[in-house]
Amino acid sequence: MTKADTLPIHTEEDIVRVRQMTRSLAQQSGLNLVDQTKIVTAASELARNTLVYGGGGHVILERLQDAGRAGLRLTFEDQGPGIADIELALRDGYTSGKGLGLGLSGAKRLSNEFHIDSRVGEGTTVSIIKWKS
Amino acid sequence: MSTGFRQTDERSLSDILIRHETEIASAWISEQASLISHRPDLLTETELRQQSRALLSEITSAARMDPSLNLANSAWKATRDLLSEISRSRALAGFSPAETASFVFSLRGALMDRLQTVYEEDARSLAAAMRSCSTFVDQLGLVTTSTVLKTREELIKKQQEEMLELSTPVVRLFDGVLCLPLIGTLDSARTQVVMESLLQKIVETGSTIAIIDITGVPTVDTLVAQHLLKTVSAARLMGAECIVSGIRPQIAQTIVHLGVELHNVATKATLADALALAMQKRGLTIQRVNKQA
Amino acid sequence: MERIPILKQGDLLLVSVQVDMHDQLALNLQDDLTQRIVRDNARGVLIDISALDMVDSFIGRVLDNIATMSRILDAETVVVGIQPAVAITLVELGITLPNIRTALNIESGIALLRRLLPTPDGDADDQS
């Protein structure tokens, strides 16, 4: 049973809105405070990537109910230039722009499940899941 | 296969249940008393009678509303609730799962005896009624078993939580100095809970120094050592300092072998040394008031 | 343009971040603080982020920049009130803010700044 919301990511204010919506859905999913903070922070990193590197896009937020487990899935999609070397992009400290280069790798560490799909010239999709512990 | 035919058979079983409630109850109670699983030490004869009669009375009133004897139907809610309640109380009283299940399974024998008396002349109807009887008792059995399992799970979860609370006391040693004495084997989940409660206590008490004493910890693995380090870093971000005390020689060796870097962390051999360091950092000294004492 | 207010108390600048900062707002704070350090001849900067329920790598980097820039301008920066959940997340993210001094709350933050700052002019300086 899932219910999905979609938010656009085209301005810096949109990143703040993504954080706030993520926080509210994480609370509704029963995540504890630390897990809420982790998924909100991961959402912030990925939303900024979508804006800065993907040239804007959107995020789909879904509450998950799977075999008694509750969780939250966020899927960030853009039609930007894509990532040529995903393995390199996932390395700590790698950056092609502003930030500490912890965006992708950090978001991965803060989530329970992480999936990235990117094609050069077509865009990038990153999806993360945080389960209620 | 015609559903009408089955309907008739089930109606028969329900009719028999309703018409012979008293006889079935007595047969069932004596059946239970003769079982090895009968536990007069946990349940008195009177209670056994009361529970059996109450459940059977719920069954017959539900059978009047729903002769198909399908426990999933809403007519059976009261029966399911009562059976769950009885199963739950037995599980908590110390009955084994098998003993608890035999409560409803023994109803099968009582019912079958009754069916045999009623359908003496009619083998075909008897076979069909036996089948319905089996299905019906199995449904009751499933309710009991799942309740017993759920009760046990709840019990285990509660005990785990209690143990976690008992094993993670964050104590105030002195004004501004907290201590977390860790005892027993640390797994990753427990370490995480302990560390979160330590950080929370730091904020609540406004303590600037936290001593993590691991004298009572026999071994640590990489994950636990990393949790420990992360806690020290998180505390530093919050504005508090951690001192790790009571590192056993074995753990010191493990830490070095694992390649975990501890050089940014203040470590002391004993809790006493750690406390002395904490006092020094707080600018405090301990003095003997009376030299004769 | 939206700005976070900066208060002056003696030779200290005090900032309390009460809103969920978007990136430009954080960068504005960085600009404003460096200018105010010079203009007000401030010796210490205290940033209270106890109201923030999240600090990501961008805000982390801005805080780190503020500390490094103010050190160049001869001022000490102390960040206070980082919440436990925020601290745990920062560490998990790989951010330890090594250039930043921290304290539990505003009171201990000011005490820390007072200890860090030499007062060659004596106590009278504190009355200003």
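Residues numbered from 1 in each chain as written. Chains lettered and ligands numbered in written order. Predicted model: local features only at pLDDT ≥ 70, side-chain atom pairs only at ≥ 80, totals over all residues. Heavy atoms only, no water.

Caption draft 1: The arrangement of the overall build of chain B in detail. Per the secondary structure count, chain B includes ten helices and five strands. Computed over C-alpha atoms, the radius of gyration of chain B comes to 32 Å, more than 25% over the 19 Å expected from 2.2 N^0.38 for 293 residues, which places it beyond the range of a compact globule. The principal-axis extents of the C-alpha atoms in chain B amount to approximately 100 × 50 × 35 Å. Expressed as a percentage of its 293 residues, the buried residues of chain B come to 40%. As displayed, chain B offers around 15900 Å² of accessible surface, 54% of which is attributable to carbon and sulfur atoms. Positive and negative charge centroids in chain B, built from 30 and 33 side chains respectively, lie 7 Å apart. (Helix = DSSP H or I, 4+ residues; strand = E, 2+ residues; numbered from the N terminus. Rg over C-alpha atoms; globule rule 2.2 N^0.38 Å. Buried < 20%, exposed > 50% of the residue type's maximum accessible area, 1.4 Å probe, protein only. Areas by Shrake-Rupley, 256 points an atom, 1.4 Å probe, with all protein chains shown as cover. Lys, Arg positive; Asp, Glu negative; His and termini not counted. Charge placed at Lys NZ, Arg CZ, Asp CG, Glu CD.)

Caption draft 2: Structural context of the packing of aromatic side chains. Under the counting rule described, the total for this entry stands at two aromatic pairs over all chains. Sitting over the face of the ring of Trp131 of chain A, Arg69 of chain A holds its NZ or CZ atom 3.8 Å from the ring centroid. Lying over the aromatic face of Phe103 of chain B, Arg90 of chain B brings its terminal NZ or CZ to 4.3 Å of the ring centre. (Phe/Tyr/Trp six-rings, centres within 6.5 Å; stacked < 30°, edge-to-face > 60°. Lys NZ or Arg CZ within 6 Å of the ring centre and 35° of its normal.)

Caption draft 3: Highlighting the interface of chain C and chain B. Facing the 16 residues of chain C at the interface are 15 residues of chain B. Summing both sides of the interface, chain C and chain B together bury roughly 1300 Å²; the carbon and sulfur share of this comes to 67%. Among the residues chain C hides against chain B, the three largest losses belong to Pro84, Val91 and Leu104 of chain C. Together they make up 43% of the total. Taken together, the links from chain C to chain B amount to one salt bridge. Two residues, Lys230 of chain B and Glu92 of chain C, come together in a salt bridge whose shortest N-O distance is 2.9 Å. There are six residue pairs in polar contact (both at pLDDT 80 or more) connecting chain C and chain B. Ranked by residue count, the leading element in the side of chain C that touches chain B is helix α3 (residues 84–93) of chain C, at six residues. In terms of residue class, the side of chain C that touches chain B is made up of twelve nonpolar, three polar and one charged. (Contact = heavy atoms within 4.5 Å. Buried area = accessible area lost by both parts, 1.4 Å probe. Salt bridge = Lys/Arg side-chain N within 4 Å of Asp/Glu carboxyl O. Polar contact = N/O pair within 3.5 Å; in protein donor to acceptor, adjacent residues only side chain to side chain. Nonpolar A, V, L, I, M, F, W, Y, C, P; charged D, E, K, R; others polar.)

Caption draft 4: Fine view of the pairing of strand β3 (residues 69–78) of chain A. All names here are of chain A. For β3, a buried count of seven out of ten residues is recorded, marking the element as mostly surrounded by other parts of the structure. Summarising the sheet, strand β2 (residues 57–66) and β3 pair through ten bridges and their orientation is antiparallel. Paired with Leu64 across the two strands is Gly71, which belongs to β3. (Pairing = 2+ DSSP bridges.)

Caption draft 5: Structural context of the layout of surface pockets. Roughly 1100 Å³ of internal volume is contained in the largest pocket. What lines the largest pocket is a set of 36 residues, among which Asn32 and Ser133 of chain A together with Gln192, Val193 and Glu196 of chain B lie closest to the centre. Elements that contribute at least two residues to the lining of the largest pocket include exactly α2 (33–52) and β5 (123–131) of chain A, α6 (123–166), α7 (188–205) and α8 (222–238) of chain B together with α3 of chain C. Ranked by residue count, the leading element in the lining of the largest pocket is α7 of chain B, at eight residues. Here the lining of the largest pocket is composed, by residue class, of eleven nonpolar, 13 polar and twelve charged. Domain assignment of the residues forming the lining of the largest pocket places at least three in each of domain 1 (3–164) and domain 2 (171–281) of chain B. (1 Å grid on protein atoms, 1.4 Å probe; cavity = no way out; pocket = protein on both sides within 12 Å on 5 of 7 lines; lining within 4 Å. Points joined across faces, edges and corners; volume = space filled by probe spheres on them. Domains from an automatic or database assignment.)

Caption draft 6: Here's a closer look at the interface of chain C and chain A. Facing 20 residues of chain C, the contacting portion of chain A comprises 24 residues. In total, chain C and chain A occlude about 2000 Å² of area from one another, counting both sides; carbon and sulfur atoms represent 58% of this. Of all residues in chain C, the largest losses of buried area upon contact with chain A belong to Arg61, Glu92 and Leu93 of chain C, amounting jointly to 25% of the total for that side. Our enumeration of links across chain C and chain A arrives at six salt bridges. With a shortest N-O distance of 3.6 Å, Arg19 of chain A and Asp56 of chain C are connected by a salt bridge. If you look at where chain C meets chain A, you find ten residue pairs in polar contact (both at pLDDT 80 or more).

Caption draft 7: Representation of empty space enclosed by the protein within the structure. For the coordinates displayed, the defined rule picks out two cavities of 30 Å³ or more. Here the largest cavity defines a volume of roughly 140 Å³. Taken together, Lys38 of chain A, Gln192, Met195, Glu196, Leu199, His227, Lys230, Thr231 and Ala234 of chain B together with Ile88, Val91 and Glu92 of chain C make up the lining of the largest cavity. At the level of secondary structure, the elements contributing two or more residues to the lining of the largest cavity comprise α7 and α8 of chain B together with α3 of chain C. Broken down by class, the residue content of the lining of the largest cavity amounts to five nonpolar, three polar and four charged.

Caption draft 8: Quick look at the sheet that holds strand β2 (residues 12–16) of chain C. Residue and element names in this part refer to chain C. On the basis of which strands lie adjacent, the open sheet formed by five strands has the order β1-β2-β3-β4-β5 and mixed pairing. If you trace the sheet from one side to the other, it starts and ends with β1 (6–9) and β5 (101–103), each paired once. Put simply, the sheet's adjacent strands are angled 25° from each other on average, direction ignored. Bridge count between β1 and β2: four bridges; the pairing is antiparallel. From the neighbouring strand, Ile6 faces β2, where its bridge partner is Val15. (Axes fitted to C-alpha atoms, helices over the stretch in contact; angles between N-to-C directions.)

Caption draft 9: Representation of the domain arrangement of chain B within the structure. What the domain assignment reports for chain B is domain 1 (3–164) and domain 2 (171–281). Each of domain 1 of chain B and domain 2 of chain B was reduced to a C-alpha centroid, and the two centroids are 55 Å apart.

Caption draft 10: Focus on the state of the cysteines. Applying the stated criterion across every chain, the model contains zero disulfides over all chains. You can see Cys242 of chain B has no disulfide; the closest cysteine sulfur is in Cys179 of chain B, sitting 11 Å from it. (Disulfide = S-S within 2.5 Å.)

Caption draft 11: Representation of the confidence of the model for chain B in the model. Residue and element names in this part refer to chain B. Averaged over every residue, the pLDDT of chain B is 86; residues scoring 70 or more account for 94%. Mean pLDDT across the elements of chain B bottoms out in helix α1 (residues 3–19) (65) and peaks in strand β4 (residues 241–245) (94). Counting interchain partners and residues more than four positions distant, the pLDDT-below-50 stretch residues 1–8 has three contacts. (pLDDT = per-residue confidence, 0-100.)

Caption draft 12: Spotlight on the pattern of salt bridges. Throughout the structure, instances matching the rule amount to 21 salt bridges over all chains. For Arg19 of chain A, the salt bridge identified is with Asp20 of chain C, shortest N-O distance 2.6 Å. Highlighted residues: Arg19 of chain A in helix α1 (residues 12–28) and Asp20 of chain C in the loop between β2 and α1 (23–39), drawn from two different chains. A relative accessible area of 2% places Arg19 of chain A in the buried class. A relative accessible area of 25% places Asp20 of chain C in the partly exposed class. A network of salt bridges, in which partner residues are shared, links Arg19 and Arg48 of chain A together with Asp20, Asp23 and Asp56 of chain C.

Caption draft 13: Fine view of the sheet that holds β2 of chain A. Residue and element names in this part refer to chain A. Spatial ordering of the open sheet is given by β1-β2-β3-β5-β4, a layout of five strands whose pairing is antiparallel. Two strands in the sheet have a free side with no partner beyond their single neighbour: β1 (3–9) and β4 (113–119). Looking at each pair of strands side by side, their axes are set apart by 15° on average, direction ignored. Taken together, the seven bridges between β1 and β2 define a ladder with antiparallel strand orientation. Paired with Ala4 across the two strands is Glu62, which belongs to β2. Against the sheet, α2 engages β1, β2, β3 and β5, with an angle of about 10° to β3.

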